[in-house]
Amino acid sequence: MSLINTTIKPFKATAYWNGKEINLTEADVLGKWSVFFFYPADFTFVCPTELGDLADQYEELKAMGVEVFSVSTDTHFTHKAWADATETIGKIRFPMIGDPTGQITRNFGVMIEEEGLALRGTFVLDPQGVIKVMEVHDLGIGRDASELKRKIQAAQYIAKNPGQACPAKWKEGDAALTPSLDLVGKI
């Protein structure tokens, strides 16, 4: 079942964020665009490349009104240890949510039950907490933060321009489409 256009489910979690331990709930994501970025585990291989890429795009995402929440089934203590141990993770400035019970991971449908780990799942939520973009990868396939940024820009454009649609490879500033019978067979 697709989670598109469903609302974030309630959760309570602890995150490691800029050297501090913070508590978060679903209420903390409302009022702004949010990304939930699930990854399998700390101290692994593909995960730091993705998180480092996302960290490099974070200031641009913040300027777009977007908050990022990375999530794994590790604890927030493990996130801190990883940030202290590696330069790539140490540069992260978004909250790293610990989900050792798997509640959030299951809420988003990305739990690998037999392993207790998350698939690589990316979810973009609008300010009302409604999921507008979702992408789930197998463990060996890394994600690209610049493509995520493009998808967020498209979602934000559509939210501001109801009745419009963003075609393939749409980028901010490109023309959008207005679906109608007049376009059928002409694209």
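Residues numbered from 1 in each chain as written. Predicted model: local features only at pLDDT ≥ 70, side-chain atom pairs only at ≥ 80, totals over all residues. Heavy atoms only, no water.

An unreviewed UniProt entry lists the protein under the name Alkyl hydroperoxide reductase C, from Limnobacter profundi. Turning to the protein, the UniProt annotation filed under Catalytic activity (unreviewed entry) states: "a hydroperoxide + NADH + H(+) = an alcohol + NAD(+) + H2O". In its Subunit (unreviewed entry) section, UniProt records this for the protein: "Homodimer; disulfide-linked, upon oxidation. 5 homodimers assemble to form a ring-like decamer." (UniProt positions renumbered as here; feature names shortened; annotations may be inferred.)

Asker: Just to check I follow, could you spell out the packing of aromatic side chains for this structure?
Answerer: Two descriptors summarise a pair of aromatic rings, namely the distance from one centre to the other and the angle between the planes of the rings. Summed over all chains, the structure comprises 10 aromatic pairs. Relative to phenylalanine 108, the ring of phenylalanine 38 lies with its centre 5.1 Å away and its plane at 50°, an arrangement referred to as tilted. Of this pair, phenylalanine 38 sits in strand S3 (residues 33–38) while phenylalanine 108 sits in the loop between helix H4 (103–107) and strand S6 (111–112), placing them 70 residues apart in sequence. Note on phenylalanine 38: relative accessible area 0%, which makes it buried. Under the relative-accessibility criterion, phenylalanine 108 is labelled buried at 4%. An angle of 65° between the planes, with centres 5.5 Å apart, marks the rings of tyrosine 58 and phenylalanine 94 as edge-to-face. Of this pair, tyrosine 58 sits in helix H1 (residues 46–63) while phenylalanine 94 sits in the loop between helix H3 (87–90) and strand S5 (96–98), and the two are 36 residues apart along the sequence. A relative accessible area of 4% means that tyrosine 58 is categorised as buried. (Phe/Tyr/Trp six-rings, centres within 6.5 Å; stacked < 30°, edge-to-face > 60°. Helix = DSSP H or I, 4+ residues; strand = E, 2+ residues; numbered from the N terminus. Buried < 20%, exposed > 50% of the residue type's maximum accessible area, 1.4 Å probe, protein only.)

Asker: Honestly, the pattern of salt bridges in this entry has me stumped. Any pointers?
Answerer: As a working rule, side chains carrying opposite charge can pair if their charged atoms are close by. By the definition in use, this model includes 9 salt bridges. Residues arginine 143 and glutamate 50 are paired through a salt bridge, measuring 2.7 Å at the closest nitrogen-oxygen approach. A residue pair is termed long-range when its members are at least 10 positions apart, and arginine 143 in the loop between strand S9 (131–137) and helix H5 (145–160) and glutamate 50 in helix H1 qualify at 93 residues. Given a relative accessible area of 9%, arginine 143 falls into the buried group. For lysine 91, the salt bridge goes to aspartate 56, with nearest N and O atoms at 2.8 Å. In this pair, lysine 91 is assigned in the loop between H3 and S5 and aspartate 56 in helix H1, connecting sequence segments 35 residues apart. Residues participating in the shared-partner salt-bridge network are Glu50, Arg120 and Arg143. (Salt bridge = Lys/Arg side-chain N within 4 Å of Asp/Glu carboxyl O.)

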